[in-house]
Amino acid sequence: MSIQWFPGHMTAARRKAAETMATVDVVIEVVDARLPEASTNPMVHELRLHRQRPCLKILNKADLADPGATKSWIAWYARQPDVKAAAIDARNTGEAARIPSLCQRLAPHRNDATKPLRMMIMGIPNVGKSTLMNTLVHRKIAKVGDEPAVTKSQQLHCLGVQHRLIDTPGLMWPKIEHDSDGFMLAASHAIGRNAVIDEEVAVFLAGLLLARYPSRLSARYGFSAEGLDGASVVEGVARRRGLLGRGGAPDFGKASLTLLQDYRDGKLGRISLETPESRRAMLAARARETAE
Ligand code: G4P
């Protein structure tokens, strides 16, 4: 599956983000804690390096991610220059409140009312940027929605006299290099339905769950995952949930949506789709393929 998704407003958003980056001290990059690297936009990294801006990486939706994997990711990011990382649930005021002081440590010279710390929130659609913004300003200013690319324009907010915060639209990049990243993004609903096929995504997700969290499948759907492959898991979901079509055949489409929605809603428990180890292994395999 090759995913190419670059609506016109993304081009304009990239240009505007590059301009804004010049005027801020720290970039707050929001990613999905369940797939931190797959949900990292390489364009944000490029823009940031170009302007030499430090980054606070927010591993958001940490309440849905596997805590062990999240811990490994925090250690992974801590090794990167000019980067700090924190795992949060953006809906939680106490957790979000740590962000300004973490940013302050990345730009200690911007520390009073005459030199307020200027922060910019960036990230791909649906990782929780608007939710975080609303939590930080203690009111509903940004529209929250599970359909990607809901936030469309930049907004500036003052958090007291010392901190300024700019929200930017969800920014995707033109071509997702690794298929598995595309599948993880689609499973987590960062890519809209027009760009992907739910059934393929569900089979991918089922395969990953079989490999890493088989007991969660049994717990949720009541069948043994032993000896199954991704497609037979989706069929199993259809049978267990009575999602049957003509002649009693499993309705693969409906079962795919059920599995995806259960994962998105955290009904399969706390799950991470990638870990630093799985990322390294995927990249090494890709490098071997290219060398052959
Ligand atoms: P965006 O601006 O980056 O596009 O994302 P947005 O804040 O709109 O969030 C997308 C969805 O993710 C929303 O769900 C939001 O509630 C949810 N979300 C954001 N942060 C977190 C988090 O830390 N943990 C969890 N579990 N969910 C989070 P929604 O169902 O569309 O909206 P709603 O019905 O909750 O309002």
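Residues numbered from 1 in each chain as written. Predicted model: local features only at pLDDT ≥ 70, side-chain atom pairs only at ≥ 80, totals over all residues. Heavy atoms only, no water.

**Digging into the pattern of salt bridges**
As enumerated under the stated definition, the model contains twelve salt bridges in all. For the salt bridge of Arg 91 with Asp 63, the shortest nitrogen-to-oxygen distance reads 3.0 Å. One end of the pair, Arg 91, is in the loop between β3 (83-87) and α4 (93-96); the other, Asp 63, is in the loop between β2 (55-60) and α3 (67-78), and 28 residues separate them in sequence. Taking the relative accessible area as the measure of exposure, Asp 63 reaches 27% and is therefore partly exposed. Lys 254 is paired through a salt bridge with Asp 251; the nearest N and O atoms lie 4.0 Å apart. Salt bridges here are not isolated pairs; linked through shared partners, they connect Asp 25, Arg 110 and Arg 118. (Salt bridge = Lys/Arg side-chain N within 4 Å of Asp/Glu carboxyl O. Helix = DSSP H or I, 4+ residues; strand = E, 2+ residues; numbered from the N terminus. Buried < 20%, exposed > 50% of the residue type's maximum accessible area, 1.4 Å probe, protein only.)

**Considerations on helix α5 (residues 99-106)**
Two residues of an α-helix separated by three or four positions point the same way, owing to the 3.6 residues in each turn. For α5, the buried fraction is high: six of the eight residues fall into the buried class. Within α5, the full set of buried residues consists of Ile 99, Pro 100, Leu 102, Cys 103, Gln 104 and Leu 106.

**Let's talk about the nonpolar core**
Ile 28, Met 122, Leu 132, Leu 185, Leu 259 and Leu 273 are the most contacted members of the largest nonpolar core, which totals 73 residues. Broken down by element, the residue count for this core peaks at seven residues, all from helix α8 (residues 198-212). If sequence neighbours within four positions are ignored, Leu 273 has contacts with Arg 34, Leu 35, Met 184, Ala 187, Ser 188, Leu 205, Leu 208, Arg 212 and Tyr 263. Grouped together as the second largest cluster of nonpolar side chains are ten residues, Leu 59, Ala 62, Trp 73 and Trp 76 included. (Core = buried A, V, L, I, M, F, W, Y, C linked by side-chain atoms within 4.5 Å. Contact = heavy atoms within 4.5 Å.)

**Considerations on the state of the cysteines**
Taken as a whole and judged by the stated rule, the model has zero disulfides. Free of any disulfide, Cys 103 has its nearest neighbouring cysteine sulfur in Cys 55, separated by 8.8 Å. Not engaged in a disulfide, the cysteine Cys 158 finds its nearest cysteine sulfur in Cys 103; these two sulfurs lie 15 Å apart. (Disulfide = S-S within 2.5 Å.)

**Some points on the layout of surface pockets**
Take a probe with the size of a water molecule and roll it over the atoms, and the empty space left behind shows itself. Its volume calculated, the second largest pocket comes out at about 370 Å³. In terms of lining residues, the second largest pocket is bounded by 20 residues, among which Glu 37, Thr 40, Pro 42, His 45 and Arg 279 are the most central. Counting residues per element, the ones that place at least two in the lining of the second largest pocket are α2 (42-51), β2, α3 and α12 (276-291). The element contributing the most residues to the lining of the second largest pocket is α2, with three residues. For the lining of the second largest pocket, a count of residues per class yields eight nonpolar, four polar and eight charged. (1 Å grid on protein atoms, 1.4 Å probe; cavity = no way out; pocket = protein on both sides within 12 Å on 5 of 7 lines; lining within 4 Å. Points joined across faces, edges and corners; volume = space filled by probe spheres on them. Nonpolar A, V, L, I, M, F, W, Y, C, P; charged D, E, K, R; others polar.)

**Digging into the domain arrangement of the chain**
You can read the domains of the chain as domain 1 (9-167) and domain 2 (197-291). For domain 1 and domain 2, the distance between their C-alpha centres works out to 30 Å. Taken residue by residue, the interface counts 17 residues in domain 1 and 15 residues in domain 2. Overall, the association of domain 1 and domain 2 removes approximately 1,300 Å² of surface from exposure, summing both partners, and the carbon and sulfur fraction of that is 52%. At the boundary of domain 1 and domain 2, one finds zero salt bridges. The tally of links from domain 1 across to domain 2 stands at eleven residue pairs in polar contact (both at pLDDT 80 or more). For the side of domain 1 that touches domain 2, the residue count by class is eleven nonpolar, one polar and five charged. (Domains from an automatic or database assignment. Buried area = accessible area lost by both parts, 1.4 Å probe. Polar contact = N/O pair within 3.5 Å; in protein donor to acceptor, adjacent residues only side chain to side chain.)

**Brief notes about the environment of Val 31**
Within the secondary structure, Val 31 is located in strand β1 (residues 26-32). Along the chain, Val 31 and Asp 112 lie 81 residues apart, while their C-alpha atoms are 29 Å from each other. Residue contacts for Val 31: discarding those within four places in its chain leaves Pro 36, Ser 39, Thr 40, Lys 57, Ile 58, Leu 59, Asn 60 and Val 127.

**Points about the packing of helix α7 (residues 179-187) against α8**
One way to put it is that α7 packs onto α8 with a least axis distance of 9 Å and a crossing angle of 100 degrees. If you check the angle between α7 and α8, you find them roughly perpendicular. Here Ser 180, Phe 183, Met 184, Ala 186 and Ala 187 of α7 come into contact with α8, specifically with Glu 200, Val 201 and Phe 204. When its residues are assigned to classes, the contact of α7 with α8 shows six nonpolar, one polar and one charged. (Axes fitted to C-alpha atoms, helices over the stretch in contact; angles between N-to-C directions. Parallel < 35°, antiparallel > 145°, perpendicular 65-115°, else oblique.)

**A closer look at the packing of aromatic side chains**
Inspection of every chain in the model, using the stated rule, returns five aromatic pairs. With a centroid separation of 4.9 Å and 15 degrees between ring planes, the pair formed by Phe 183 and Phe 204 is classed as stacked. Placement of the pair is Phe 183 in helix α7 and Phe 204 in helix α8, with a sequence separation of 21 residues. Phe 204 sits in the partly exposed class, given a relative accessible area of 21%. Taking the centre distance of 6.1 Å and the plane angle of 15 degrees together, the rings of Tyr 221 and Phe 223 count as stacked. Residue class for Tyr 221 comes out buried when judged on its relative accessible area of 3%. (Phe/Tyr/Trp six-rings, centres within 6.5 Å; stacked < 30°, edge-to-face > 60°.)

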